[in-house]
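Tertiary structure, described
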Amino acid sequence: MNEHGTPADLWDSIGRLHAWLDTHRAHGGADGLLLRVLKLSEEVGEVAQAVIGATGQNPRKGTTHSWEDVQAELCDVVITALVALRTMTPDAREVFTAHLERVTTRSLSTPDAGDAQGS
């Protein structure tokens, strides 16, 4: 772990993926950024498809995915989001860490609704 509480290679890998994508992109500038952010929707859709497949919710197809497939798709969402953030700012690590700290503080310092009602 590094000083930010994340594996040291996480942000190195995100930086390398960002650089690789930038050298192989079909669109740059604002269009490239927009398309990189829109890629998140595609990845989230793949999570949904994997959940439907893991639960066998499509009677025509049956069970087509495993829960390990769902985990892999969720990882793709995280990677895609971090690469999109890196595309928006070279300070992605700092932006993410500060935001995570705010969300954690806000969430963990607020009593649960059940506790507030005396549950």
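Overview of the structure. (Residues numbered from 1 in each chain as written. Predicted model: local features only at pLDDT ≥ 70, side-chain atom pairs only at ≥ 80, totals over all residues. Heavy atoms only, no water.)

1. Some words on the overall build of the protein
- If you tally the helices and strands in the protein, you get 5 helices and 0 strands.
- For the protein, the α and β elements follow one another from N to C terminus as α-α-α-α-α.
- A separation threshold of at least 6 residues defines the contact pool for the protein, and within that pool the share at least 24 residues apart is 55%.
- Of the roughly 8,400 Å² of accessible surface on the protein, 58% is carried by carbon and sulfur atoms. (Helix = DSSP H or I, 4+ residues; strand = E, 2+ residues; numbered from the N terminus. Contact = heavy atoms within 4.5 Å. Areas by Shrake-Rupley, 256 points an atom, 1.4 Å probe, with all protein chains shown as cover.)

2. Remarks on a nonpolar patch on the surface
- A grouping of Leu34, Leu35 and Leu38 is seen on the molecular surface, where their side chains present a nonpolar patch of about 280 Å² in accessible area.
- Inspection of the secondary structure puts Leu35 in helix 2 (residues 29-55). (Patch = residues over 30% accessible without salt bridge, like charges linked within 9 Å, V, L, I, M, F, W, Y side chains within 5 Å. Salt bridge = Lys/Arg side-chain N within 4 Å of Asp/Glu carboxyl O.)

3. Observations concerning the pattern of salt bridges
- All chains considered together, the criterion is met by 5 salt bridges.
- Between Asp22 and Arg25 there is a salt bridge whose closest N-O contact spans 3.6 Å.
- Its relative accessible area of 45% is what places Arg25 among the partly exposed residues.
- Two residues, Glu43 and Lys39, come together in a salt bridge whose shortest N-O distance is 3.4 Å. Of the two residues, Glu43 and Lys39 both sit in helix 2, 4 residues apart, roughly one turn of that helix.
- Of the residues examined, Glu43 reaches a relative accessible area of 7% and is grouped as buried. (Buried < 20%, exposed > 50% of the residue type's maximum accessible area, 1.4 Å probe, protein only.)

4. Here we look at helix 2
- Taking 1.5 Å per residue, 27 residues should reach 39 Å; helix 2 reaches 40 Å between its end C-alpha atoms and fits that length.
- For helix 2, the complete set of buried residues consists of Gly32, Arg36, Glu43, Val47, Ala50, Gly53 and Ala54.
- Directly after helix 2, the chain includes Gly56, whose backbone phi takes a positive value near 65 degrees. (Expected span 1.5 Å × (residues − 1).)

5. Some details on the packing of helix 3 (residues 67-88) against helix 4 (residues 92-108)
- The N-to-C vectors of helix 3 and helix 4 enclose an angle of 120 degrees; their axes lie 8 Å apart at closest approach. One way to sum up the angle between helix 3 and helix 4 is to call them oblique. Residue-level inspection shows Leu82, Leu85 and Arg86 of helix 3 in contact with helix 4, the latter providing Ala92, Val95 and Phe96.
- In terms of residue class, the contact of helix 3 with helix 4 is made up of 5 nonpolar, no polar and 1 charged. (Axes fitted to C-alpha atoms, helices over the stretch in contact; angles between N-to-C directions. Parallel < 35°, antiparallel > 145°, perpendicular 65-115°, else oblique. Nonpolar A, V, L, I, M, F, W, Y, C, P; charged D, E, K, R; others polar.)

6. Re the packing of aromatic side chains
- Using the criterion set out here, one finds 1 aromatic pair in the structure.
- For the ring pair Trp11 and Phe96, a centre distance of 6.0 Å and an interplane angle of 55 degrees mean the geometry is tilted. Note that Trp11 is positioned in helix 1 (residues 8-23) and Phe96 in helix 4, a separation of 85 residues in sequence.
- Given the relative accessible area of 8%, Trp11 is considered buried.
- Residue classification places Phe96 among the partly exposed positions, given a relative accessible area of 31%. (Phe/Tyr/Trp six-rings, centres within 6.5 Å; stacked < 30°, edge-to-face > 60°.)

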